[in-house]
Every structure is written in C-alpha cells, then in structure tokens.
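Next come the chains, spelled out residue by residue.
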Protein chains: 2
Amino acid sequence: MKKNITIHDVAKHANVSIATVSNVINGTGRVSQNTLNIVNNSIDKLGYYPNISARTMKKKSSNLISVIVPFQNEKGNLHDNPFYWNLVSGIEKVSRKNKFQVVLTGVTGDNDLSLNFIKERNIDGVVIIGASHNATLVKETKSLAIPSVFVDSYLMDEEVYQVFLDDEQGGYKGIKFLLDQGHKHIALIGGNKEINGVMKERFEGAKKAFAQTDITIDESIYIDVPVSMEGGYDAGEIIINHPKITAIFCFSDVLAIGLMKYLSEKKKRIPDDYALIGFDNISASQYTTPPLTTISQNTVHKGEVTANLLIDQIMNNNDIKQKKIILPISLIERESTSYL
Amino acid sequence: MKKNITIHDVAKHANVSIATVSNVINGTGRVSQNTLNIVNNSIDKLGYYPNISARTMKKKSSNLISVIVPFQNEKGNLHDNPFYWNLVSGIEKVSRKNKFQVVLTGVTGDNDLSLNFIKERNIDGVVIIGASHNATLVKETKSLAIPSVFVDSYLMDEEVYQVFLDDEQGGYKGIKFLLDQGHKHIALIGGNKEINGVMKERFEGAKKAFAQTDITIDESIYIDVPVSMEGGYDAGEIIINHPKITAIFCFSDVLAIGLMKYLSEKKKRIPDDYALIGFDNISASQYTTPPLTTISQNTVHKGEVTANLLIDQIMNNNDIKQKKIILPISLIERESTSYL
DNA sequence: TATTTTTGATTAAACGTTTCATCGATTGTG
DNA sequence: CACAATCGATGAAACGTTTAATCAAAAATA
C-alpha cells in the first residue's frame, strides 16, 4: 500500500511549515515569491495533490453539486427522455468550468427519499428537476437550507430559486398557431395538468389562446397520459375516435413521436389528416417524417443557466437579480403543420 | 451558523464513548443490546448523521463512483445520444442500490484531461465510456490503479475490466440478414472504423458475413461520419449517388434516423428503395416510419452490468469470473427491411 | 476457589487539511 | 535613533471520524 503524499511531506521537502504549503496551494496568506517557487517545485517533484475530504471537513464545503432526478415510474430508472440528458449536460459543463463536480442521484417515491447524503457530504448546492409532483421532496430540500435551484417545478414560493420555461407562452403559441391555421377542434396530449407544473402551465396558455377567439376550449379534448413515446402512441386511439379533431398539440416531443407512429399505422397523414405540434425541440424532432413543428427550448442552455444560478448562490454573488428565471420559447415551424 | 451534531454529541447524550457510537453506526465491534438501543435513541433524538468526509479521510474510501464520458466534439457537451443516458441510468441505479453515488464527469480533449479528482476525492471506482479514441485517458486511468471498468472501449489489454457488446456479432447479423434478403450492394454508415472500437468490430463482423457468400465486400461502401442524426443525414447524399445500393446498415440508430430524413426528403421509400438496419435499439427506433429494424442492445442493462462489475471489484469479490463481459445482441426485425 | 476467557466498553492516536494567533525580521516614519 | 507598521513565516488547535490497544468486569473453566 503506497503511502499518500501529504502536505507534511511537501513541507518537509521544501523546508517550510505546512501552513505555508497550504497558503501556496490556496493562494491565501502572504508568501514570498521565492518560497512560492520552492514549494511549487516540491509539489511537482513529489506529485502531491490535496486530499479533498480533509479540506471538505475543515471548510464544510465539498465543491460538489447534487443533481436530483425524481422518477415518474417505479422501475427505478431515470426518465427515458433525451430532455434530461441535455439538461444534465448543460449543468455538468458549467459546473466543471467552475471547478464543481456533479453528483447524479435518482430518487423514486417518498420511500427512499433520503437526501441525507447532501448533509453528510457537505454538498454545496442542489438542483432538483421537475419536483412539482413531489411535495415531500420540495419540503425536504428546503429544510436542507443550502443553495438550491428547482428546474421546471412551478413552486408557488417566492423564497425559492427556480428556472423554468415560459411554458404558458409555449402553450399559448402552439394553440394560437393552430387556431390561426383554421383548426377548430384540437386535441391536447400531456401529463397530469391538475398539479402545478409544466403541464398545467402549458394548458393554461392554451386556454388563453382559445379565449381570444370565439372557439371555446370545450370543443377540444385533453388526453392525460404518461409522458413517453409509448404514452403518445396510446393516446392515438382516443384521437382517431374523435371524428372532429383536425389538429393535435403534444406537450412533449416524445409524445408526438409516439403518436405519429400510431397515426401512421392507421394510415393517417400528417399534416393532411392531422396537424401536429410538439414541445421541447429534442433533436429527434427534426428527423421525424414529416419534421415536427414544435415549441423550442434550448435544454442544454437551460442546464447552463441553472448551474450558473446555483453557483452564484454558492459563491454568495449578491448581484443575483431574480430568484426566478423564465426562459423564452419559440415556435419552430416545420412540416407537421400547414394551412388548411 | 448552526453547529453540526457530531459523534461526540451523541456519545455525551448516550453516556458512552465515541468509539461505542462509531461501533453502533458501523455495526462493528461488540456492543450490548442495551447500549445499542440507548445510542440509537440518542442518534434519533439529536438528528445525527455521520460526516462522510471525516470517514473518507480515515477509511480512504468515499463510496463514490466516477463515470467519465469523453467527448467526441469540442463543444464541451455530453454526447447528444439517448444511448449514454440509458447507460448512465443503469449505472446510477445499481450504484444507488449498493450505497454508492455517481459523480458524472465529462472530459474533452487531452487538454483538460485531469483525472486528479479521483485521487483527491478517494473515489472508489471509475467507469469510462467509449475510451477507444483516447489513449491518454486509458493510460491515465490505468495509472490510477483503482477499480475501473471500461465500457465499449475495446482495449487490447487483458488486465483491464471491460464491458461491451458483441459488436462483431451485431455487424455480422445485420449484414447476413441483408444478404439473405438478396441485397448485393450494401452501404455501411458508421464512425471511424480504423481505431479499435465498436465501429471497427461491427465492420469486422460485417466482413465475415460477406466472406461467407460469393458477394465481395468491395461492392459495398463504408461511409465514415460523426455518429449523430446530422451525420446520418449528411451521409444520405453519398448514398443516393451510388446507384447500385439497395440496402444500408447504420452502425447507430441515430445515424439511421438522420438518414431516413434525408431519404424521405428525396422521396426515397423504405424499405422499397432501400432496406435499412440500425444499431442500438434506442427507444425512438420503434417510432420511426417505418419502424427501424435494428441490432438490439439493452443499454440500461449494460449499465447495470457495468456497475456490478465495478462494485464487485471494490468489494473485493474474488469470485469475479471474467474481466471481460460481452453482452449478447439480437436482431429486431421491424419494417425498414423486407424481402426483395 | 483460583485462573482463564469472553464481553463490553474506553482511551488515544491518526487521517490531512485550514486558519487563527503569534512572532521575529525587515522596512518605514517622525 | 526610537518606534511603529508591515512582511513572511510558523505553531498549534480544530474539523469528525475510525481503529488498535487496553482494561475492568463478568462468565467460563479447571
């Protein structure tokens, strides 16, 4: 078992005290140019690297960021949706640039909801993705009293840092677009819209668009399914049994992709039989046939914004303008929609 | 600033020594049922949780697993491919079950190739994904001399723990399938096949399938593009300029999805004009039109296997049968192929 | 009963840092 | 020249565990 090189070894080698070595490593205190060189030289020569656990213990800060992904299903896997990967990608990238590392943790139900590790490890900040459905998780996180950012969670809580999309505007624009094209009977497919969350917001936006016309939303239908390709596929049956429907707004691209399969199996044509809009602009959405008109969000960017907001808190940047960051959306018109 | 509850506080509260408390926490040493109850009671009452950094320092083990994803591109983002997310999902799940947490780290080129954090944090084990292209990374990792598993890396190194797919068999089965259907001119699309790695293996398998027939592989073509939807799309132009080609084998589903878009834009029909096979069986592949015939791997499962192999090493399970685990593939026939 | 073994618990050192208080030497001021 | 201020460096305590060595009391053995 090879013995670790410690700060003591460096101190001995450089003929200085460990305090001086520590100062050199951290750029703290006062140290002359001369000893600085000597110490750095010793560090190189010995191949010294600091022990972060010791540092963490002393400083009560680990330079670790925890990203928590709650599960919708019970299989224990992370969501099968490219959206999450892109988000995490953005978070990881910015964190890395700022010398933080990302601990990725999935939490399932309330059962194994143990955020203890955050305190145990002196984790500096935590990102929670899509916690709307999980009140316990939110409460638990708040009680940690460490820097945190909730993504896509729609918490009615001014105290809390949040990043989300202008989902309402997204819902609005999607429906407005379809209405402008002359559609009158529009199906909406999404997850549970009763809970505060992205689905509810998108739906609220949709309602607003309807309200601006003389078409009442009652002529439409909302189909509540699991947000996955399979869910979208399953929703297809309901769609084709509603004879009047001419357009569909899926509150997630994965839903739209699943639905397209069902419709294509039933020989329905897009956009001829049904105009179709998705949400998220995952990269697959431009590769469907036809390419999917969708509400675009830059998910990697969202992750970057999230990480920055978190790190600003950690660093005590008091020039944080706002606790809530709402990212804009835009509608990308592709070929799954066209004028009637 | 609230003071942390330490093992000392618990000891005082329970009227025992800190050593006893430590024994209770870890289930080590001898402690009577009576004091066990008392101590546990104190722990609950005080809301004590151990400080993992202190423990890590003493035990030289952090219960942390590092997952390293090398980048192909220079944008600094993790690969935009659902494959990776599924893999990480499997790793995270098994790790969590075994009380390990996952640190996710992207490394770009050789420039910022700093694996120092692994030693600095006493990380217990490391998973490296797709390191074939990155010799420095491999060398660096080996020099760490800690438990490690390379995924999809094809290292010619018997010392090293590896998990990969039976890529050669995958390449073989795909081509054999097309040849059996009567195709004679087949295009292959993949990444760089000159480096040891999944692409090379798949190509080798393909060659074997050709060798069993009187059709020579020279009548085929290999198109080397970045492994992404965009790459597949770009390959399309080459395809349609090769008049004899009747079938295409994409060494990744994302390539196939990109290609399908190009072909559909050019009014080519699948499978009528081109038979098409993908690789990976990402969930999107069954939602394309037509659904994609593909070589299937269970990527979440692959992640689970990887984590188990790593944890077995960490736990010193000497009943590890083999250092190389090759996971089977199977061909899933969908509608992007059919007999001529 | 005298002696050994086992049980349950304790003491104290060690893990590798950071940081505060201290201190001698050098430089600056009036 | 006497004194104050600054500079560069140090010693030692503290962070919160684990664990080896030790020990008294209780139980088992002869």
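Treat the numbers as computed from the prediction; the structure is a model and nothing was measured.

What counts, and at which threshold
Residues numbered from 1 in each chain as written. Chains lettered and ligands numbered in written order. Predicted model: local features only at pLDDT ≥ 70, side-chain atom pairs only at ≥ 80, totals over all residues. Heavy atoms only, no water. Helix = DSSP H or I, 4+ residues; strand = E, 2+ residues; numbered from the N terminus. Rg over C-alpha atoms; globule rule 2.2 N^0.38 Å. Buried < 20%, exposed > 50% of the residue type's maximum accessible area, 1.4 Å probe, protein only. Contact = heavy atoms within 4.5 Å. Areas by Shrake-Rupley, 256 points an atom, 1.4 Å probe, with all protein chains shown as cover. Lys, Arg positive; Asp, Glu negative; His and termini not counted. Charge placed at Lys NZ, Arg CZ, Asp CG, Glu CD. Least-squares fit on C-alpha atoms with pLDDT ≥ 70 in both. Pairing = 2+ DSSP bridges. Axes fitted to C-alpha atoms, helices over the stretch in contact; angles between N-to-C directions. UniProt positions renumbered as here; feature names shortened; annotations may be inferred. Near = heavy atom within 4 Å. Polar contact = N/O pair within 3.5 Å; in protein donor to acceptor, adjacent residues only side chain to side chain.

Enquirer: Would you mind showing me how to read the overall build of chain A here?
Expert: Each helix and strand counted, chain A has 12 helices and 12 strands in total. For 340 residues, the compact-globule estimate of 2.2 N^0.38 gives 20 Å, and the C-alpha radius of gyration of chain A, at 26 Å, exceeds that figure by more than 25%. Taken along the three principal axes of its C-alpha coordinates, chain A extends 85 × 40 × 35 Å. Of all 340 residues assigned to chain A, the portion counted as buried reaches 55%. Sequence-distant contacts in chain A: of pairs separated by 6 or more residues, those separated by 24 or more amount to 71%. Carbon and sulfur atoms make up 48% of the accessible area of chain A, which totals about 15,200 Å². When the 37 positive and 38 negative side-chain charges of chain A are each reduced to one mean point, those points stand 10 Å apart.

Enquirer: Before we go on, may I ask you to explain the relation of the copies chain A and chain B in this structure?
Expert: Applying a rotation about an axis and a shift along it to one chain copy brings it onto the other copy. Of the transformation placing chain A onto chain B, the axial shift is 0.0 Å and the rotation is 180 degrees, giving an RMSD of 0.0 Å. Given the turn and translation reported, the copies of this chain are related as if by a two-fold rotation axis. A shared binding surface is used by both copies, with 100% of the interface residues of chain A retained as interface residues in chain B.

Enquirer: Quick question: what am I supposed to make of the sheet that holds strand 10 (residues 293-296) of chain A here?
Expert: Adjacent strands of a sheet pair through backbone hydrogen bonds, lying either parallel or antiparallel. All names here are of chain A. In spatial order, the strands read 7-6-8-9-10-12; together these 6 strands make up an open sheet with mixed pairing. Each edge of the open sheet is held by one strand with a lone partner, namely strand 7 (221-224) and strand 12 (330-332). In this sheet, neighbouring strand axes are inclined to one another by 20 degrees on average, regardless of whether the strands run parallel or antiparallel. Relative to strand 7, strand 6 (residues 186-190) runs parallel, the two being bridged by 4 bridges. Opposite I189, over in strand 7, you have I223 as the bridge partner. Contacting strand 6, strand 8 (247-250), strand 9 (275-280) and strand 10, helix 11 (residues 253-265) runs over the sheet at an angle of about 150 degrees to strand 9.

Enquirer: Would you mind going over the pairing of strand 10 (residues 293-296) of chain B with me for this structure?
Expert: Remember that side chains alternate between the two faces of the sheet whenever the strand is regular. Residue and element names in this part refer to chain B. Relative to strand 10, strand 9 (residues 275-280) is paired through 4 bridges, and the arrangement is parallel. Within strand 10, the position partnered with I277 by the bridge is T293. Two elements, strand 10 and strand 12 (residues 330-332), share 3 bridges in a ladder whose sense is antiparallel. Residue S296 lies in a different strand from strand 12, and its bridge partner there is S330.

Enquirer: Whenever I open this one, unusual backbone geometry confuses me. Can you help?
Expert: Excluding glycine, a negative phi dihedral is what most residues carry, and trans is how most peptide bonds are arranged. For the peptide bond that leads from I270 of chain B to P271 of chain B, omega is 5 degrees, which places it in the cis range. Locating P271 of chain B in the fold gives a position in the loop between helix 11 (253-265) and strand 9. The backbone of N15 of chain A sits at a positive phi, close to 60 degrees, despite the residue not being glycine. Mapped onto the fold, N15 of chain A is located in the loop between helix 1 (7-14) and helix 2 (18-26). Among the residues examined, N15 of chain A registers a relative accessible area of 71% and is labelled exposed.

Enquirer: What's the story with the UniProt feature "domain: HTH lacI-type" (unreviewed entry) in chain A in this structure? I'm lost.
Expert: According to UniProt, the "domain: HTH lacI-type" (unreviewed entry) feature falls on residues 5-59 of chain A. Taken end to end, residues 5-59 of chain A is 71% helix and 0% strand, and its two terminal C-alpha atoms sit 21 Å from one another.

Enquirer: How should I be thinking about the protein's contact with DNA strand D in this particular structure?
Expert: Near DNA strand D, the surroundings consist of 28 residues, among which T20, S32 and T35 of chain A together with I7 and S22 of chain B are the closest. If you look at DNA strand D and keep only atoms within 4 Å of the protein, 65% of those are sugar or phosphate atoms. Contact distances for DNA strand D include 2.6 Å between a phosphate oxygen and a side-chain N or O atom of T20 of chain A. N51 of chain B is positioned with one of its backbone polar atoms (N or O) 3.1 Å from a phosphate oxygen of DNA strand D.

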